[in-house]
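Spelled out, the chains give:
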Amino acid sequence: MRFTRSLGAALALTHLMAAYSAPAPAPATGLADSEALRATVYGAPPQDLAALPARVPLEEVNIALPWARPLPAVLWFDRRLRAWFSAQRGAAPLAIVISGTGADGNTTNISLLRGALYGAGYHVLTIPSPTFPGFIAAASSTGVAGDLEQDSRDVYAVAREIVRRLRPKVEITEIDILGYSLGGAHAAVVKWLDASQHELGIRRAVMINPPVSLFDSMERLDQLFASSIGQGDEGFDQLYRRVYVRLANYYRASDQVRVEDTNLMGAAAAVLRTDADFSAAIALTFRIALVNVFYTGDLYAGTGVISDPRHPPQPDDATEAVFRELLGKDFSHYFDQVFAPYYLARRPGMTREALYASSRLDLIGAALQADPDYYAQTNADDLILDEAELEWLRARLGSRIVVYPHGGHLGNLGERRQVADMLDMLGGRWAGAAR
Amino acid sequence: MRSRRAATLLLVSLALGGCATGDFAVRTLPPETPAADVTAALQAQQQREAASPIVPAAGSGLGPPLTDADVPSMRTYDPWERMNRSIYRFNARFDEAIFLPVADQYRRLPQPVRSGVHNFFSNLSEVVSFINYTAQLRLAPGVRSLGRFIINSTLGLGGLFDVATSMHIPGVRTGLGQTLARWGVHPGPYFVMPFLGPSTLRDSFGFVADYGTNYTINLGGLYQGTVGWVLTPLNVVDLRANTSFRYYSTGSPFEYDTVRFLYVRRTLIEDEALRWWHRAGKPAPEAPAGQ
């Protein structure tokens, strides 16, 4: 794999085409690593977290965006985009944070980042991923998520719109942007867009565990799904039975009969034991995100794979069968049946291979190399990267990337070291990993 | 009648006061408390590490551990799906327009006042819990419930302070739904209760009956007449203000399915822990869960 990196852009493209036609991209670095899987599922243990403030004020921002596409009946509740804002009392820099694949702007990871950033004196605005169904419906100009540049344009427009509304209320001295997972890639592309449009004047960008090739990362997670859960209903059913039995026995054995309202998922995570369990949990999380992207994409693009465009689904229709059907579809199905048909029809001269390749951070490779205000944090055992991609990031960012030895995908987010480094990067104090 | 009108007026004006309309709206949420959350997570972790083993020990009186064959279908028994879905939608709209704005306004009250209100209603709920624990023949938690009620009603100044919890007697609510479960009644069809949300036929019945019990006992005259018209809405607002659930926060077209799946599995897992005897018959594998 390593040699491809040293070849030119043309050859890299050939390599990508090969990767696309071949059944699978190179395996990720941490997929077979117990520690990486465990860290990815559980996140940083509480004793390792950075110091967080006692109190972080929080406002929910609801905004209707003029460029949104007409709202399908089944998504009636997604008319306005929801974002979250924490204001400092006086003048302060603003940190914009973008969520990872399929996630809302108010996740556990977001809470950790918000706490750390607010504690360091930033106003904090957190925005859902453009792959979150609420974003796709309320703020996407296409409704078909997954295109790195187009999605980032939508995020940029949302950020502009919200900041414009916030400016009269809060004093913003400077704007920085960061994101985790897929949101890391979006953050960097948003800064790149802003460098030519100058609407926000974004100063620095930090990518936390970003993908290099969005689609290759998705396919790695599909492999993980295939190997840990399998195809069709049976594998999924087995996983469900395994978790159910363990949970039920756990509650029977404990004195506690009330299962805490919000915590069934947390309780389920607590009974995972083997690498196969962890792999399945990770794969399933991403697959559920893909289910939403697939469903909304098909609906907006009118491709008719799931929803008949002539008879659009209604809010009271049963959806369980559709959900289960979609659970069995992987990213290549989405790319072939929804994404590629939609974008190829709108971009004359574009080929499937070029479309696939355009999801890579190569889009902003030159900027990453030349502009000293891009930073990245990742882990040597991140599940969504392979060696070559890690090398690609190192080659572009040089001393502006820090690669921690462990943590899997986001498993060290919020840890002391990660937070201290992130704040140094964002504040322009970063002196390189070897301090 | 006057008091009822006053209560309605109060609710409506509160709702309008906090109502968010237009293309841009900002809602103030309760502040996050990350430092305290980390401390709580640490404590929970320590408790888990000290907790009992995951599979019951042989001879623990619980019968053999569950096996794969005991697991209910992934499909859920929901014969009233169309109606349920429209109630779910109604609830979401009601929540957005009335419930949440009122809860937001309520949260402006000082924290000690709100926890006083919360403790007060929690304490009253011990009455129904005690009755049901007794009906479940579960003496230890019943005695705990009764003890909590006595301690908090006296030392806790009529329930305004939760002294019992600080004496390491935590409260665990129960109700008629769980009593029925203990005696082998199945949850029945999934049912979305108007205003209140996900439930099952059995548990909805239990909820209404529990309220009826409170109303009939009318402890301290708190449930009937003018006092009842003031306290019952306050109870509901306190409940909403302390529930973080947000309709459609998943943004997903499959939220109804997700909530139904998780809610019914949670109920069934609780039932497994509650049931008086080890179930003899296995569920038919093709029967949807809850039937």
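> Just give me the short version of the overall build of chain B, but keep the residues and values in it.
Regarding its fold elements, chain B presents ten helices and three strands. Counted from the first residue to the last, chain B has its helices and strands arranged as α-β-α-α-α-α-α-α-β-β-α-α-α. For chain B, buried positions account for 32% of its 291 residues. In chain B, of all internal contacts separated by at least 6 residues, the share reaching a separation of at least 24 is 73%.

> Would you mind going over the overall build of chain A in detail, with residue names and values included?
On a plain count of helices and strands, chain A comes out with 17 helices and eight strands. Buried positions account for 51% of the 435 residues belonging to chain A. Long-range pairs, those at least 24 residues apart, make up 80% of the contacts in chain A with a sequence separation of at least 6.

> So what's going on with the packing of helix H4 (residues 111-135) of chain B against helix H8 (residues 201-217) of chain B? Which residues, and what values?
Residues and elements named next belong to chain B. Direction vectors running N to C along H4 and H8 enclose 115°, while the axes themselves pass 10 Å from each other. Taken together, H4 and H8 sit at an angle that is classed as roughly perpendicular. The element H4 and its partner H8 pack so that their crossing is right-handed. Facing Val127, Val128 and Ile131 of H4, the residues of H8 in contact are Asp210, Thr213, Asn214 and Ile217. In terms of residue class, the contact of H4 with H8 is made up of four nonpolar, two polar and one charged.

> Which residues make up the environment of Asp371 of chain A, and what values go with them?
Mapped onto the elements, Asp371 of chain A comes out in the loop between helix H15 (365-370) and strand E7 (374-379). In this structure, the C-alpha to C-alpha distance between Asp371 of chain A and Leu397 of chain A, residues 26 residues apart in sequence, is 9.1 Å.

> Account for the pairing of strand E6 (residues 202-208) of chain A, with residues named and values stated.
All names here are of chain A. Along E6, six of the seven residues are buried, which leaves the element largely enclosed by surrounding structure. Each parallel crossover has a hand, and for strand E5 (residues 172-180) linked through helix H7 (residues 182-197) to E6 it is right-handed. Pairing of E6 with E7, which is carried by four bridges, proceeds in the parallel orientation. Bridge assignment links Ile208 to a residue of E7, and that residue is Gln377.

> Can you lay out the nonpolar core for me, pointing to particular residues and giving the numbers?
Grouped together as the largest cluster of nonpolar side chains are 125 residues, with contacts concentrated most on Ala95, Ile96, Ala159, Leu178, Ala188, Ala205 and Val206 of chain A. With 15 residues, the single largest contributor to this core is helix H11 (residues 275-301) of chain A. Grouped together as the second largest cluster of nonpolar side chains are 27 residues, Val245 of chain A together with Leu66, Phe191 and Leu274 of chain B included.

> Run through the interface of chain B and chain A, naming residues and quoting values.
Tallying the contact residues gives 57 residues for chain B and 56 residues for chain A. Every element with two or more residues in the side of chain B that touches chain A is listed here: strand E1 (24-32), helix H2 (34-50), helix H3 (81-106) and helix H10 (255-274) of chain B. If one sorts the elements of the side of chain B that touches chain A by residue count, H10 of chain B sits on top with nine residues. Residues of the side of chain B that touches chain A, tallied by class, amount to 31 nonpolar, ten polar and 16 charged. Pairing geometry for strand E1 (residues 56-63) of chain A and E1 of chain B, over seven bridges, is antiparallel. The residue bridging Glu60 of chain A from the neighbouring strand is Arg27 of chain B, located in E1 of chain B.

> Run through the environment of Asn214 of chain B, naming residues and quoting values.
Residue and element names in this part refer to chain B. Mapped onto the elements, Asn214 comes out in helix H8. Considered as a pair, Asn214 and Tyr133 are 81 residues apart in the sequence and their alpha carbons are 15 Å apart. Aside from chain neighbours lying at most four places away, what touches Asn214 is Val127, Val128 and Tyr223.

> Residues and numbers for unusual backbone geometry, please.
Working note: non-glycine residues mostly have negative phi, and peptide bonds are mostly trans. All names here are of chain A. Of note, Asn209 is a non-glycine position whose phi angle comes to about 45°, a positive value. Along the polypeptide, Asn209 turns up in the loop between E6 and helix H8 (214-228). Since 30 C-beta atoms lie within 10 Å of it, Asn209 is described here as buried.

> Quick rundown of the pairing of strand E4 (residues 123-127) of chain A? Include the residues and the values.
All names here are of chain A. Burial analysis of E4 places five of its five residues in the buried class, which makes it a mostly covered element. Residues His123, Leu125 and Ile127 line one face of E4 and the alternating positions Val124 and Thr126 line the opposite face, and both faces are buried. Here strand E2 (residues 81-86) runs beside E4; their pairing, made up of three bridges, is antiparallel. Across the sheet, the residue bridging to Trp84 is Thr126, located in E4. Bridge count between strand E3 (residues 92-98) and E4: five bridges; the pairing is parallel.

> Describe the packing of H4 of chain B against helix H5 (residues 139-154) of chain B, with residues and values.
Residue and element names in this part refer to chain B. Two elements in contact, H4 and H5, have axes separated by 8 Å at closest approach and are oriented at 155°. Between H4 and H5, the angle falls in the class roughly antiparallel. Pair H4 / H5 crosses with left-handed handedness. Every residue of H5 that contacts H4 at Asn123, Glu126, Val127, Ser129, Phe130, Tyr133 and Thr134 is listed here: Pro141, Gly142, Ser145, Leu146, Arg148, Phe149, Asn152 and Ser153. Tallied by class, residues from the contact of H4 with H5 come to six nonpolar, seven polar and two charged.

> Could you give an account of the confidence of the model for chain A, naming the residues involved and the relevant values?
Of the residues in chain A, 89% have a pLDDT of 70 or more, and the chain-wide mean is 89. Segment residues 1-25 of chain A: pLDDT under 50, and 31 contacts once partners within four positions in sequence are set aside and those in other chains are kept.

> Outline H7 of chain A, supporting the account with residue identities and numerical values.
All names here are of chain A. For H7, which comprises 16 residues, the first-to-last C-alpha distance of 23 Å matches the rise-based estimate of 22 Å (1.5 Å per residue) to within 8%. Of all 16 residues making up H7, twelve are buried, and the element is well covered by its neighbours. All buried positions along H7 are accounted for by Leu182, Gly183, Gly184, Ala185, His186, Ala187, Ala188, Val189, Val190, Lys191, Trp192 and Asp194. Looking at the residues trailing H7, positive phi occurs at His198, about 55°.

Reading the values: the criteria
Residues numbered from 1 in each chain as written. Chains lettered and ligands numbered in written order. Predicted model: local features only at pLDDT ≥ 70, side-chain atom pairs only at ≥ 80, totals over all residues. Helix = DSSP H or I, 4+ residues; strand = E, 2+ residues; numbered from the N terminus. Buried ≥ 20, exposed ≤ 12 C-beta atoms within 10 Å, placed from the backbone. Contact = placed C-beta atoms within 7 Å. Axes fitted to C-alpha atoms, helices over the stretch in contact; angles between N-to-C directions. Parallel < 35°, antiparallel > 145°, perpendicular 65-115°, else oblique. Left-handed = near helix turned anticlockwise from the far one by under 90°. Nonpolar A, V, L, I, M, F, W, Y, C, P; charged D, E, K, R; others polar. Right-handed = clockwise from strand over helix to strand, strands pointing away. Pairing = 2+ DSSP bridges. Core = buried A, V, L, I, M, F, W, Y, C linked by C-beta atoms within 7 Å. pLDDT = per-residue confidence, 0-100. Expected span 1.5 Å × (residues − 1).

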